[in-house]
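Understanding the architecture of this molecule
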Amino acid sequence: MEYRVSERAASLAPSLTLAITAKAKELRAAGEDVIGFGAGEPDFDTPQHIKDAAVKALADGFTKYTPASGTPELRQTVADKFASDNDLEYDPAQIIVNCGGKHSCYNVMMAACQPGDEVIIPAPFWLSYPEMVKLAGAIPVILETTDESEFKLTPDHLRDAINDRTRIVILNSPSNPTGSVYSPEETKAIGDICVEKGVLMMSDEIYEKLIYGDTVFKSVASFSKEHQDHTIIVHGLAKAYSMTGWRIGFTAAPLPIAKAIGAIQSHSTSNPTSFAQSGAVQALKGPQDHLAEWLAQFSKRRDYAYGRLTNMEGITCVNAQGAFYLFPNISGTGMKSAEFCEKLLAEQKVAAVPGVAFGSDGFIRLSYATSMENIEKGLNRLEAFVRTL
Ligand SMILES: Cc1ncc(COP(=O)(O)O)c(C=O)c1O
């Protein structure tokens, strides 16, 4: 029997992040002392009160199907979050709870794109965006940015790229992989163009709460009713509540798009896990004290790693304003990112993700969602590595 996979599946780029993680695991299993900078998840545990809410839901027998778009209580809680954090009014009918933020993004593409539509993605990008766009039959249009502009798209660049086929512009601030955060003024300028041109934005705000110093986050939807009407916000609990395994994301969208997402979800995954939704209500409604503690730790690690990286020969680095990644420029070493990361792992047992996976060769992504001890050790090894080049 010859097994033929769909063209859709065959068109997907294999995930370099997963490949490097698998290699690092293999080395670790073989007894090697590998330092991992690959993590896309906080190294903290989910706060106890959130776990308690899920455990109680299980004990109370909340173990059956819920409405496919999420429980009324969680949809209302998410609408309340947007009202209090972002000054955005949403009817709970506009909120769909999804099985993780990744699922939120995927549903948006499936619900809003026709084959042949173009979706603008600024690079460096979170590596799943172009693949999701392709899965929806649409065409990813990558707009390169550089570290000179802190990896931010300029209004002129965006304006030039929009044409009659442009359906969606993807925004991700704070950004994975760069940690860049658009200022409110920069955000508004991008939003203004999309409103003017009648193009939708998918604003991925999953790192909203993870910002440092005096950085300010403002959702692009919050500048006017028109901005809100042109924006689909995707969000989730994975990062700020360390709930990566719970698989809870959510989408806030204009009603026709929310309904379309609900319909797609009702025929694909159905509802996100019932008792995980109960935990999610607690996450959003309960105490938020953990955040200040985590941010203090992330901030300390970021400062340390940034200081070390900017003192290494052949490496430059823009400091991150949010998320938990740094995206140093390694082009001064003369190596491409995949070769750099392969050698770094083989010679120094340090796992980092090559920038080419995020559309920007010449960079590597280092996650500082790991202990200070690991960061120190890993950066000592990285420094030793670049000295040999
Ligand atoms: C920018 C961005 N969006 C969305 C997600 C999806 O997160 P999850 O599906 O775990 O909620 C991630 C996870 O790495 C991310 O970095």
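Before reading further, recall that the structure is shown in the block above.
Overview of the structure. Keep in mind that what you see is a predicted model, and the values were worked out from it rather than measured.

A separate point is the pairing of strand S12 (residues 364-367). A regular strand carries its side chains on alternate faces of the sheet. Residues Ile-364 and Leu-366 of S12 are buried on one face, and the alternating residues Arg-365 and Ser-367, pointing to the opposite face, are buried as well. Strand direction decides the pairing type here: strand S9 (residues 325-326) and S12, joined by 2 bridges, are antiparallel. For Leu-326, the partnering residue across the bridge sits in S12 and is Leu-366. Pairing analysis gives 2 bridges linking strand S11 (residues 353-354) to S12, with the strands arranged antiparallel. Across the sheet, the residue bridging to Val-353 is Arg-365, located in S12.

It is worth spelling out the sheet that holds strand S7 (residues 231-236) at this point. Read across the open sheet, the 7 strands follow the order S2-S8-S7-S6-S5-S3-S4; overall the sheet is mixed. Edge positions in the sheet fall to strand S2 (95-98) and strand S4 (139-144), since each has one partner strand and no second. Each strand of the sheet is rotated relative to its neighbour by a mean of 20 degrees, with strand direction disregarded. Alignment of strand S6 (residues 200-204) against S7, held across 4 bridges, turns out to be parallel. Within the sheet, the bridge partner assigned to Met-201 lies in S7 and is Thr-231. Against the sheet, helix H4 (residues 72-86) engages S2, S7 and strand S8 (249-252), with an angle of about 115 degrees to S2.

So, about helix H8 (residues 184-197). With 14 residues, H8 extends 20 Å from end C-alpha to end C-alpha; this agrees with the ideal 20 Å at 1.5 Å per step. Of the residues making up H8, those classed as buried are Pro-184, Thr-187, Ile-190, Gly-191, Ile-193, Cys-194 and Val-195. Looking at the packing, one finds that the buried side of H8 touches helix H7 (155-161), strand S5 (166-172), S6 and helix H9 (225-229). Within two residues after H8, Gly-198 carries a phi angle of roughly 70 degrees, on the positive side.

Rules used throughout
Each residue is numbered by its place in its chain's sequence as written, counting from 1. At least 70 in pLDDT is required for a residue's local features to be given in this predicted model, at least 80 for side-chain atom pairs to be given and counted, and no such filter applies to totals for whole chains, interfaces and linings, which use all residues. Hydrogens are left out, water is left out, and the side-chain values use all remaining heavy atoms of the structure. Note on classification: 1.4 Å probe, protein chains only; a residue is buried when its accessible area is under 20% of the maximum for its type, exposed when over 50%, partly exposed between these limits. Helix and strand assignments follow DSSP, with helices taken as H or I runs no shorter than four residues and strands as E runs no shorter than two, numbered in order from the N terminus. At least two bridges found by DSSP between two strands is the condition for calling them paired. Here an angle of 0 to 180 degrees is reported between the N-to-C directions of two axes, which are lines fitted to C-alpha atoms, with helices fitted over the stretch in contact. The contact criterion used throughout is that any non-hydrogen atoms of two residues lie within 4.5 Å. Given a helix with a known number of residues, its expected span is that number minus one, times 1.5 Å.

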